[in-house]
Amino acid sequence: MKKKLKHLVVLVDTNVHSMSDLALLVIWSLIVGIPFVSFHDITGQLKKNEEDLFMEIERRKKGVPGCIKWSNKPDLNGYTNGTQAHTVYINIFSESDGRLKIAQCIKLIAKEHLQSNRCSEEYTAQEFSETLMHLYPSIPDPELVLYTGPLCSTFGLLPWHIRLSEFIQLSVNHNININSYLGALYKYNKCDQRFGK
Amino acid sequence: MDGNRRYAKKLSVDSTEGHNKGFDKLSEVLKWCLDLGIPEVTVYAFSIENFKRNQEEVDALMELASDKFKRLLDEIDQINEWGVRVQVAGRLSLLPVELQALVSKSMLATRQNNKLQLNIAYSYTGRDEISRAASYIIDGVKNEELKADDIDEQLISQTLDLREPELLVRTSGEVRLSDFMLWQISKTVLYFTDVLWPEFTIWNLLAAIIHFQRHAPAVLQENENTPAQQDFMEKFESRKWQKLEKIVGC
């Protein structure tokens with residue numbers, strides 16, 4: 001891959017995607033070498049069934065070198081067989097990690113429970129960002145967001161983090177397979193970023 | 001409005017020519033929206049990141065904007081007859097002083113119109129917009145116009161420059177937001193199309209609308225402001241207009 005891909009987000013609709021679909025996405029990302037894979041839980045059912053996802057990933061991982069780490073679980077598993085193996089960090093986000101968290105941040109600053117720097121009348125994006133980041137785990141902004149089906153929407157995914165994320169559809173027919181996954185990565189690789197210039 | 005420079009390159013003309021064509025397309029698209037009964041249109045004309053382009057191009061774009069706002073003010077009777085309300089969203093203090101005055105004048109002059117609202121994001125990014133809103137709200141608490149516990153998502157939405165859109169169209173094959181309306185688009189249908197902005201036709205617009213109508217999620221009802229929030233919003237609004245009057249005055 002020509003373009004770095006550190007953080008991949010998948011928009012998850014539990015009515016459409018099975019645990020095995022999601023587990024496969026993690027395993028493929030482990031092999032490709034994407035260090036952060038996050039699931040955005042549209043329906044709110046994934047967070048409730050996190051344990052099932054955990055078990056399914058453990059089951060699928062058998063025989064694949066590398067480590068899988070959960071943001072909210074102690075480290076386990078992972079062997080490298082002496083070769084350089086990859087690590088994937090998994091996070092599950094939902095709507096409440098988005099706008100609600102920014103609102104909380106503003107409230108905490110207003111209550112003076114959170115320190116912030118403001119050099120002029122209005123915060124710059126840089127200044128506000130430094131304070132807001134205290135409320136989030138330290139992970140890079142997602143470069144790629146995958147969705148399935150005909151509707152592309154952020155569903156409230158991390159508004160602060162997605163300004164430069166590419167939104168790419170993962171196969172038209174809800175069916176997640178290795179070809180649709182690699183096809184999406186290929187498309188991402190072709191996207192050209194100009195950073196305002 | 002993406003693809004002006006690629007369009008210019010394709011036709012082997014100057015990038016300024018591409019930006020001019022892009023502006024002409026804007027008035028055309030607005031006319032279509034008015035005819036279709038769409039009451040509010042927002043365009044992303046210039047990002048804070050765009051200041052990083054070479055000085056020549058930035059200057060040309062500032063001049064283009066000044067020219068267009070002057071023309072808008074010259075033809076203010078016509079604009080008022082159509083009922084177009086012009087709002088500029090962004091950090092105005094980064095613009096040349098002359099342009100700041102023209103922008104403020106245009107906003108004040110069309111303030112009462114209500115047939116079509118045109119929002120122009122200029123010197124704008126979504127993160128910057130959220131940061132400015134955070135400043136106003138925190139100051140509101142400091143000045144005891146608001147209690148910290150009155151702060152919620154809805155209040156933030158109302159202190160931003162731009163309101164939530166139902167549909168967002170991005171031209172020229174880019175599939176990212178580029179720091180546009182980050183807060184507002186949490187339920188918006190995102191429509192990405194390969195066509196370059198100067199080549200955008202009414203068929204492209206209709207295709208986007210049909211896509212939206214097929215796939216749009218259900219709309220949720222918003223709650224009403226609490227009296228405390230309403231109080232703050234009224235003060236916030238009047239301060240906003242006073243600030244613009246001050247820019248025009250000096």
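Rules used throughout
- Residues numbered from 1 in each chain as written.
- Chains lettered and ligands numbered in written order.
- Predicted model: local features only at pLDDT ≥ 70, side-chain atom pairs only at ≥ 80, totals over all residues.
- Heavy atoms only, no water.
- Helix = DSSP H or I, 4+ residues; strand = E, 2+ residues; numbered from the N terminus.
- Buried < 20%, exposed > 50% of the residue type's maximum accessible area, 1.4 Å probe, protein only.
- Areas by Shrake-Rupley, 256 points an atom, 1.4 Å probe, with all protein chains shown as cover.
- Patch = residues over 30% accessible without salt bridge, like charges linked within 9 Å, V, L, I, M, F, W, Y side chains within 5 Å.
- Salt bridge = Lys/Arg side-chain N within 4 Å of Asp/Glu carboxyl O.
- Domains from an automatic or database assignment.
- Contact = heavy atoms within 4.5 Å.
- Buried area = accessible area lost by both parts, 1.4 Å probe.
- Polar contact = N/O pair within 3.5 Å; in protein donor to acceptor, adjacent residues only side chain to side chain.
- Phe/Tyr/Trp six-rings, centres within 6.5 Å; stacked < 30°, edge-to-face > 60°.
- Lys NZ or Arg CZ within 6 Å of the ring centre and 35° of its normal.
- pLDDT = per-residue confidence, 0-100.
- UniProt positions renumbered as here; feature names shortened; annotations may be inferred.
- Pairing = 2+ DSSP bridges.
- Axes fitted to C-alpha atoms, helices over the stretch in contact; angles between N-to-C directions.

Asker: Any details on the overall build of chain A? Residues and values, ideally.
Answerer: When helices and strands are counted, chain A shows six helices and six strands. Counting across all 197 residues of chain A, residues that qualify as buried make up 49%. As displayed, chain A offers around 9,300 Å² of accessible surface, 51% of which is attributable to carbon and sulfur atoms.

Asker: Could you give an account of a nonpolar patch on the surface, with specific residues and numbers?
Answerer: Where nonpolar side chains cluster on the molecular surface, the patch consists of Met1, Val32, Ile178 and Leu182 of chain A and spans about 330 Å² of accessible area. Along the chain, Val32 of chain A turns up in helix α1 (residues 19–32).

Asker: Which residues make up the pattern of salt bridges, and what values go with them?
Answerer: In the structure shown here, the tally under the stated rule is 33 salt bridges over all chains. A salt bridge links Arg60 of chain A to Glu56 of chain A; the shortest N-O distance between them is 3.1 Å. You can see Arg60 of chain A and its partner Glu56 of chain A sitting in helix α3 (residues 50–61), four residues apart, about one turn around the helix. Accessibility expressed as a relative area gives 13% for Glu56 of chain A, which makes it buried. The partner of Arg239 of chain B in a salt bridge is Glu145 of chain B, and the shortest N-O contact between them spans 3.1 Å. One end of the pair, Arg239 of chain B, is in helix α9 (residues 227–249); the other, Glu145 of chain B, is in the loop between α6 (126–142) and α7 (153–159), and 94 residues separate them in sequence. Classification of Arg239 of chain B as partly exposed rests on a relative accessible area of 35%. Taking relative accessible area as the criterion, Glu145 of chain B reaches 18% and is therefore assigned buried. Where salt bridges share partners, they join Glu122 of chain A together with Arg91, Asp128, Arg132, Asp161 and Lys243 of chain B into one cluster.

Asker: Help me get a handle on the domain arrangement of chain B, residues and values and all.
Answerer: Residues and elements named next belong to chain B. Domain boundaries assigned for chain B yield domain 1 (4–127 + 162–225) and domain 2 (128–161 + 226–250). Averaged C-alpha coordinates put domain 1 and domain 2 at centres separated by 24 Å. Taken together, the 27 residues of domain 1 in the interface contact 23 residues of domain 2. Buried area between domain 1 and domain 2, summed over both chains or domains, comes out near 2,200 Å², and the portion from carbon and sulfur atoms is 55%. Interface area lost by domain 1 to domain 2 is led by Leu108, Trp183 and Asn225, which between them contribute 35%. In this assembly, domain 1 and domain 2 are joined by one salt bridge. Our enumeration of links across domain 1 and domain 2 arrives at 18 residue pairs in polar contact (both at pLDDT 80 or more).

Asker: Mind laying out the packing of aromatic side chains, listing which residues take part and the relevant values?
Answerer: In this structure the tally under the stated criterion is 13 aromatic pairs over all chains. Residues Tyr44 of chain B and Tyr124 of chain B carry aromatic rings whose centres are separated by 5.7 Å and whose planes lie at 85 degrees to one another, so their mutual orientation is edge-to-face. Remark: Tyr124 of chain B occurs in strand β3 (residues 116–124) and Tyr44 of chain B occurs in strand β1 (residues 40–47); sequence separation between them is 80 residues. Here the aromatic residues Tyr123, Phe128 and Trp160 of chain A are joined through ring pairs into a cluster of three or more. Geometry around Tyr188 of chain A places Lys3 of chain A over its ring, the cationic atom sitting 4.3 Å from the centre. When the ring centre of Tyr136 of chain A is taken as origin, the NZ or CZ atom of Lys101 of chain A, which lies over that ring, is 5.3 Å away.

Asker: Break down the interface of chain A and chain B for me, with residues and values.
Answerer: Frequently, the measure chosen for interface size is the accessible area removed from exposure when the parts meet. Facing 43 residues of chain A, the contacting portion of chain B comprises 49 residues. Between chain A and chain B, the buried area comes to about 4,000 Å², and carbon and sulfur atoms account for 55% of it. Among the residues of chain A in contact with chain B, Arg99, Glu122 and Arg163 of chain A are the three that bury the most area, contributing 20% of the side total. Inspection of the region where chain A meets chain B yields 10 salt bridges. A salt bridge links Glu122 of chain A to Lys243 of chain B; the shortest N-O distance between them is 3.4 Å. Inspection of the region where chain A meets chain B yields 19 residue pairs in polar contact (both at pLDDT 80 or more). Among the secondary structure elements, those contributing two or more residues to the side of chain A that touches chain B are α4 (99–110), α5 (125–132) and β6 (166–169) of chain A.

Asker: How would you sum up the confidence of the model for chain B? Please name residues and give values.
Answerer: For chain B, mean pLDDT is 94; residues scoring 70 or higher make up 100% of the total. The least confident element of chain B, judged by mean pLDDT, is helix α1 (residues 4–10) of chain B at 88; the most confident is α6 of chain B at 98.

Asker: How would you sum up the UniProt feature "transmembrane region" (unreviewed entry) in chain A? Please name residues and give values.
Answerer: UniProt records the feature "transmembrane region" (unreviewed entry) for residues 21–39 of chain A in the present numbering. With 63% helix and 21% strand, residues 21–39 of chain A has end C-alpha atoms that lie 12 Å from one another.

Asker: Talk me through the sheet that holds strand β4 (residues 87–93) of chain A; I want residue IDs and the actual numbers.
Answerer: All names here are of chain A. Strand order in the open sheet formed by six strands is β3-β4-β2-β1-β5-β6, and the pairing between neighbours is parallel. Edge strands, defined here as strands with exactly one partner in the open sheet, are β3 (67–70) and β6. Averaged over all pairs of adjacent strands, the angle between strand axes in this sheet comes to 25 degrees, irrespective of strand direction. Bridge count for strand β1 (residues 7–12) against strand β2 (residues 36–41) is six bridges, and the pairing is parallel. Counted as the bridge partner of Leu8 is Val37 from β2. The strands that α1 touches are β1, β2, β3 and β4; relative to β4, the one it contacts most, it runs at about 145 degrees. Of the strands in this sheet, β2, β3 and β4 are in contact with α3, which crosses β3 at around 170 degrees.

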